[in-house]
Structure formats: structure tokens, C-alpha cells
Amino acid sequence: MTDSSTGEGAAYGSRDPDALARRAGARADPDRDQHFLVDDRVLDRIPGYLPENADRSHLLEIGGGAGALTDRLLAAATAEGDDEASAATAAPADPSPRRITVIERDGAFAEFLREEFATAVADGLLDVVEGDALDVDLPPFSACVANLPYGVSSEIAFRLLPEKKPLVLMFQAEFADRMVASAGESEYGRLSVSAQHYADVEIVERVPKEAFDPQPAVESAVVRCTPRDPDYVVGDEAFFLRFVKALFTQRRKTVRNAVRNTAHISGLDEPAAVVDAADEELLSSRPGKLEPAAFAALAELARERGAPTEA
Ligand SMILES: C[S@@+](CC[C@H](N)C(=O)[O-])C[C@H]1O[C@@H](n2cnc3c(N)ncnc32)[C@H](O)[C@@H]1O
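Predicted, not measured: the structure shown is a model, and the values here were computed from it.

**Q** Help me understand the nonpolar core in this model?
**A** Inside soluble globular proteins, nonpolar side chains tend to come together where they are buried. Grouped together as the largest cluster of nonpolar side chains are 67 residues, with contacts concentrated most on Leu37, Cys144, Val145, Leu169 and Val223. Here the element with the most residues in this core is helix α3 (residues 68-86); it accounts for 6 residues. Not counting residues within four places of it along the chain, the set of residues in contact with valine 223 comprises Leu169, Phe171, Ala176, Met179, Val201, Glu202 and Ile203. Counting residues in hydrophobic clusters, the runner-up holds 19 residues, among them Val193, Ala246, Leu268 and Ala299.

Shown next as C-alpha cells:
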């Protein structure tokens, strides 16, 4: 498929990221979290990181910028649509239209995206929403692929993760390392337990600064989140996440002291009762050594014995 609105008849997926940025006119401003991906090889790989069986019927992109990734997502959506139409498989046809929604806060870039991809907009394939991804209502997306604005990447990630949809997201590498860390590793913390509560989280590619223009201060990494239920049960998710947050404020203390010292954060009325009831080995361990399932078991005990008050 071609997009005659560019005047170049460019097929989706073939737009030069530098030319897109030039056509957009407005300069990418690092102070507004605008670091555009300009490495074609990275751009080409990103849509392919979605899990194989992911429902691609409605992709969400956050922070479209000058549209380099939007172009690749349009290519993926249209190419797969063609494949599916021609494939003689027994699978039922996907009844939902393939579409992409891009949320972009910067009005100049939102307008440019509508012009650059006018054919896709007219065909109902692309919807450009101008707004802040932290405030706008999210569409009922089936998967999200985005090079996130790093200033709000944590807030956006924790808006997306509870939706339990496949996510392929670019983060600062240091943040990505903390998301995927396991118990006992130095990067393991609140972020690791909270993210892994919702999904299997893995780094699928590390991306050097040179892949962006303007270059960010640090390296980046693409993270794939494949939703699944955790291997433990918590009766009150909000309390579990608050309890984890509380304990990691005292990561170098024993769990015993961390439970006692952080009742103002976790909301426990009776932390001493929790400590009295918990297993000694667990209490003398450190928060950074506890597997997510151990946090969950302790949070359940804390709910029973510690009478948490509503946050
Ligand atoms: C890192 S750039 C990515 C641009 C483009 N997708 C790319 O890969 O080249 C992040 C984009 O998010 C936009 N942005 C920043 N904060 C935002 C927010 N709170 N909500 C939506 N978009 C935001 C910026 O204007 C910028 O276009």
C-alpha cells in the first residue's frame, strides 16, 4: 500500500526517519521528551518483538513524534492483514478491523502525523489522539508498541501493565534493568516486583544513544511484557503493591525491621502482630532477597494480622 499524501508514494515501513523529522518542521526538543529513533534497523525490528500470538487488531502507540515508528506499525498492520487474507488456515478470520491509535501530546507533531498519514487516517486505519498519555482515556487496544517519553515512562508503564495486554516499550536501559531484575540481583526492587506482578518482562534489545536524534544522555532498551497471572494469589492488589513499596524503602534492613518501620507507608495498624506471626527465616532476610511469591505470602499474612487501613 502506498501513501500518496507524502507526495512520495512511500510504502508504509519505508519512510526515512530523518526525512520525516525534516518534513515535520518542528524540531525535536529533548526538554519535551522528544528523542526520535533514526536507526532504520532498530525501527524495523521493534514491531516484530510482539509475542507471536499477540492480538494485533488494535495497536496503541504512545508518543508518535514524527512518525518513524508509526510508519513501521502501519507496515506491520497492513502486511499481516494481507497475509491473513491469503492464508488458507483453519483459523477463523479476525473480525475486528486492524487499526492503530497514536497518542501524542505535542500538537505540532499530532497535526503532522495526521497529514503525513492522511490516507491511513481516511481509511480508518490510523487515529491520532492529541493529548497527554497520562490523562486521556485509553482506547480498547489489543497491544502497545512505543518508544516512550522517558520523563513519564514509569507512570505510563504502570497505566498500561494492569490492562494485561502485550507491550513492547522502549525505556532508559537502567529502568529496563530494574524492571527485569530477579531476587538477589542489585537492580531488584519495587519496580521489578510490581512489573513482574502483571507480566513476564524481558529485555529484547539494547539500543545505543546513537540510534536517536537528538541523542538521550543514556542507553536505552526495548522491553517486552507478556501478560500472565502471577504464580501467587493476593486478595488485595493495591495493598500488595503498597506493602512491596514500603518494604523496599528499607531494602538494607531485615524484613522484620522493614515491616515495623514502614507501617506509615504500608498502612498496617499492627506491624508487631505481623512480625509475631511471620516465619523467622523470612524475617531475618532482606527485602532484596525475597521472591515475589514470598512478598505475596507475607502481604497476605499482613492483611490477616496487621489490619491494614484503606489507602
Ligand atoms: C521518545 S519520543 C518518540 C517519538 C517517535 N515515536 C520515535 O520513535 O521516533 C517520545 C514522544 O512522546 C511525546 N510525549 C512526551 N510526553 C508525552 C505524554 N505525556 N503523552 C503523550 N506523548 C508524549 C513527545 O512529544 C515525543 O514525540
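**Q** I tried to follow the site of the ligand on my own but got confused; where do I start?
**A** If you check the shell around the ligand, you find 23 residues, and the closest are Gly63, Gly65, Ala133, Asn147 and Pro149. Where the shell around the ligand is concerned, the elements lending two or more residues are β3 (36-37), α3 and β5 (99-104).

**Q** What is the right way to read the domain arrangement of the chain from this model?
**A** Many structure descriptions define interface size as the accessible area lost when the parts assemble. For the chain, the assigned domains read domain 1 (2-227) and domain 2 (237-305). Relative to domain 2, the C-alpha centre of domain 1 lies at a distance of 36 Å. Tallying the contact residues gives 9 residues for domain 1 and 11 residues for domain 2. Classifying every residue of the side of domain 1 that touches domain 2 gives 3 nonpolar, 5 polar and 1 charged.

**Q** Mind showing me how you'd approach the packing of helix α9 (residues 237-248) against helix α14 (residues 292-305) here?
**A** Think of two packed helices as two axes; the pair is described by the angle between the axes and how far apart they sit. Two numbers describe how α9 lies on α14: the axes approach to 10 Å, and their chain directions differ by 110°. In this view, α9 runs roughly perpendicular relative to α14, as classed from their interaxial angle. Residues Phe239, Phe240, Phe243 and Val244 of α9 form the contact with α14, whose participating residues are Phe295, Ala296, Ala299, Ala302 and Arg303. In terms of residue class, the contact of α9 with α14 is made up of 8 nonpolar, no polar and 1 charged.

**Q** Please clarify how the sheet that holds strand β8 (residues 167-172) should be interpreted in this entry.
**A** Pairing between the strands of a sheet comes from backbone hydrogen bonds, and it takes one of two forms, parallel or antiparallel. Taken in spatial order, the 7 strands of this open sheet run β6-β5-β4-β7-β8-β11-β9, and their pairing is mixed. Both edges of this open sheet fall to β6 (126-130) and β9 (199-207), since each of them pairs with a single strand only. Averaged over all pairs of adjacent strands, the angle between their axes in this sheet comes to 25°, without regard to strand direction. As defined by bridge partners, β9 adjoins strand β11 (residues 220-227) across 8 bridges and the pair is classed as antiparallel. From the neighbouring strand, valine 207 faces β11, where its bridge partner is serine 220. Those strands touched by helix α7 (residues 173-180) are β8, β9 and β11, and its axis lies near 150° from that of β9.

**Q** Honestly, helix α4 (residues 107-116) in this entry has me stumped. Any pointers?
**A** Note: α-helices contain 3.6 residues per turn, so residues at a spacing of three or four share the same orientation. When α4 is considered as a whole, its buried residues turn out to be Phe109, Phe112, Leu113 and Glu116. Projected onto a plane normal to the axis of α4, the buried residues spread over an arc of 100° and lie on a single side.

**Q** Got a minute to help me understand the UniProt feature "binding site: S-adenosyl-L-methionine" (unreviewed entry) in the chain in this structure?
**A** The feature "binding site: S-adenosyl-L-methionine" (unreviewed entry), as annotated in UniProt, sits at His35, Leu37, Gly63, Glu104, Asp132 and Asn147 in this numbering. Turning to its location among the elements, histidine 35 is positioned in the loop between α1 (17-24) and β3. You can call histidine 35 buried: it has 24 C-beta atoms within 10 Å. Not counting the four nearest positions on each side in its chain, histidine 35 is found in contact with Ala28, Pro30, Phe212, Pro214 and Pro216. Along the chain, asparagine 147 turns up in strand β7 (residues 143-147). With 28 C-beta atoms counted inside 10 Å, the residue asparagine 147 sits in the buried group. Not counting residues up to four positions away in its chain, the partners in contact with asparagine 147 are Leu37, Gly63, Leu69 and Met170.

Reading the values: the criteria
Residues numbered from 1 in each chain as written. Predicted model: local features only at pLDDT ≥ 70, side-chain atom pairs only at ≥ 80, totals over all residues. Core = buried A, V, L, I, M, F, W, Y, C linked by C-beta atoms within 7 Å. Buried ≥ 20, exposed ≤ 12 C-beta atoms within 10 Å, placed from the backbone. Helix = DSSP H or I, 4+ residues; strand = E, 2+ residues; numbered from the N terminus. Contact = placed C-beta atoms within 7 Å. Near = placed C-beta within 6 Å. Domains from an automatic or database assignment. Nonpolar A, V, L, I, M, F, W, Y, C, P; charged D, E, K, R; others polar. Axes fitted to C-alpha atoms, helices over the stretch in contact; angles between N-to-C directions. Parallel < 35°, antiparallel > 145°, perpendicular 65-115°, else oblique. Pairing = 2+ DSSP bridges. Arc of directions from axis to C-beta. UniProt positions renumbered as here; feature names shortened; annotations may be inferred.

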